Amino acid sequence: PKSMDWERRTSDENRSAACAGIAGGTLQGWLAYRAGEVVAWCNAGPRRLYPVLAGHAALAPDDGATGVIACFVVAPEARRQGIARALLQAACDGLRAQGLRRVIGRPLRHATTAAGNHTGPLALYLDNGFAIVHEDAASGEVVVERTLA
């Protein structure tokens with residue numbers, strides 16, 4: 001399918017779908033561990049892994065050099081400790097190592113819940129070298145971009 005309805009699934013169903021995507025090479029990302037346990041995940045990869053973005057009006061066609069930061073999941077007890085920031089940097093470093101030259105994110109300007117912030121808070125991106133390249137006032141979606149070279 002072009003996209004999955006993650007919000008209609010249980011966390012166990014989402015975890016299984018993510019594991020299947022990773023095993024099948026259609027999903028990649030970075031994990032954060034504490035004391036041997038996973039406490040966070042950042043879904044990020046080359047834009048070709050996100051066909052749902054092919055028709056996104058604010059984005060130029062995929063040039064093969066762009067990565068996407070798609071989402072973050074941080075365990076509630078691990079939030080507000082810099083883990084998302086570390087994952088964002090690890091993802092940018094990893095995407096650069098894959099030969100990508102830029103990365104985009106799509107945070108929501110006015111997210112009010114953890115689920116609404118699943119794409120990462122806007123401040124996280126802006127504080128880490130991303131710039132706003134487009135904003136949709138109606139949906140609150142902001143497209144941010146950072147050069148990786």
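To keep things clear, this report deals only with the structure shown in the data block. In this text the structure is predicted, and so the values were computed from the model without any measurement. Within every chain, residues take consecutive numbers counted from 1 along the sequence as written. In keeping with the model being predicted, local features are shown solely for residues with a pLDDT of at least 70 and side-chain atom pairs are shown and tallied solely at 80 or more, while totals for entire chains, interfaces and linings include all residues. The basis for every side-chain value is the complete set of heavy atoms in the structure, and neither hydrogens nor water enter the calculation.

Concerning the overall build of the protein
Moving on, step 1. Helix and strand assignments come from DSSP, with helices taken as H or I runs of at least 4 residues and strands as E runs of at least 2, each series counted from the N terminus. Along its length, the protein carries three helices and six strands.
Moving on, step 2. Listed N to C, the secondary structure of the protein is α-β-β-β-α-β-α-β-β in terms of helices and strands.
Moving on, step 3. Only protein chains enter the accessibility calculation, which uses a 1.4 Å probe; a residue is then buried when its area is under 20% of its type maximum, exposed when over 50%, and partly exposed in between. Burial analysis of the protein (149 residues in total) assigns 39% to the buried set.
Moving on, step 4. Counting contacts in the protein only where the partners sit at least 6 residues apart, residues at least 24 apart contribute 58% of the total.
Moving on, step 5. Carbon and sulfur atoms provide 53% of the accessible area of the protein, an area that totals close to 8500 Å². Note on contacts: a residue pair is in contact if any heavy atoms of the two residues lie within 4.5 Å. Only the protein chains shown count as cover for residues, and the accessible areas themselves come from Shrake-Rupley with a 1.4 Å probe.

Regarding the packing of aromatic side chains
Moving on, step 1. Two aromatic rings, drawn from Phe, Tyr or Trp (for Trp, its six-membered ring), form a pair once their centres lie within 6.5 Å of each other, and the interplanar angle then sorts them: stacked below 30 degrees, edge-to-face above 60, tilted otherwise. Here the structure, examined in full by the defined rule, presents two aromatic pairs.
Moving on, step 2. Plain terms: the ring middles of Y125 and F130 are 5.0 Å apart, the flat faces sit at 80° to each other, and that makes the pair edge-to-face.
Moving on, step 3. A relative accessible area of 0% places Y125 in the buried class.
Moving on, step 4. Given a relative accessible area of 5%, F130 falls into the buried group.
Moving on, step 5. Taken together, the aromatic side chains of F72, Y125 and F130 make up a single cluster linked through ring pairs.

A few points about the sheet that holds strand β6 (residues 142-147)
Moving on, step 1. For two strands to pair, DSSP has to find at least two bridges joining them. Spatially, six strands are ordered β1-β2-β3-β4-β6-β5 in an open sheet, and the strand pairing comes out mixed. Only two strands of the sheet have a single partner each, and these edge strands are β1 (29-34) and β5 (131-135). Within this sheet the neighbouring strands show an average axis-to-axis angle of 25°, counted without direction.
Moving on, step 2. Helix α2 (residues 83-97) contacts β1, β2 (37-46), β3 (66-74), β4 (102-105) and β6 of the sheet and is inclined by roughly 40° relative to β2. Between N-to-C directions, angles span 0 to 180 degrees; the directions come from axes that are lines fitted to C-alpha atoms, helices contributing only their stretch in contact.

Some points on a nonpolar patch on the surface
Moving on, step 1. Each patch is built from residues lacking any salt bridge and having more than 30% relative accessible area; the joining distance is 9 Å for like charges and 5 Å for nonpolar side chains (Val, Leu, Ile, Met, Phe, Trp, Tyr). One speaks of a salt bridge when a side-chain nitrogen belonging to Lys or Arg is within 4 Å of a carboxyl oxygen belonging to Asp or Glu. A surface patch of nonpolar side chains, about 310 Å² in accessible area, is lined by L31, Y33 and V38.
Moving on, step 2. Structurally, L31 is set in strand β1.

Some points on unusual backbone geometry
Moving on, step 1. The backbone of A35 shows a phi angle near 55°, a positive value even though the residue is not glycine.
Moving on, step 2. Assignment of secondary structure puts A35 in the loop between β1 and β2.
Moving on, step 3. By relative accessible area, A35 is classed as exposed at 80%.
Moving on, step 4. Phi is positive for R80, close to 65°, though the residue is something other than glycine.
Moving on, step 5. With respect to the helices and strands, R80 occurs in the loop between β3 and α2.

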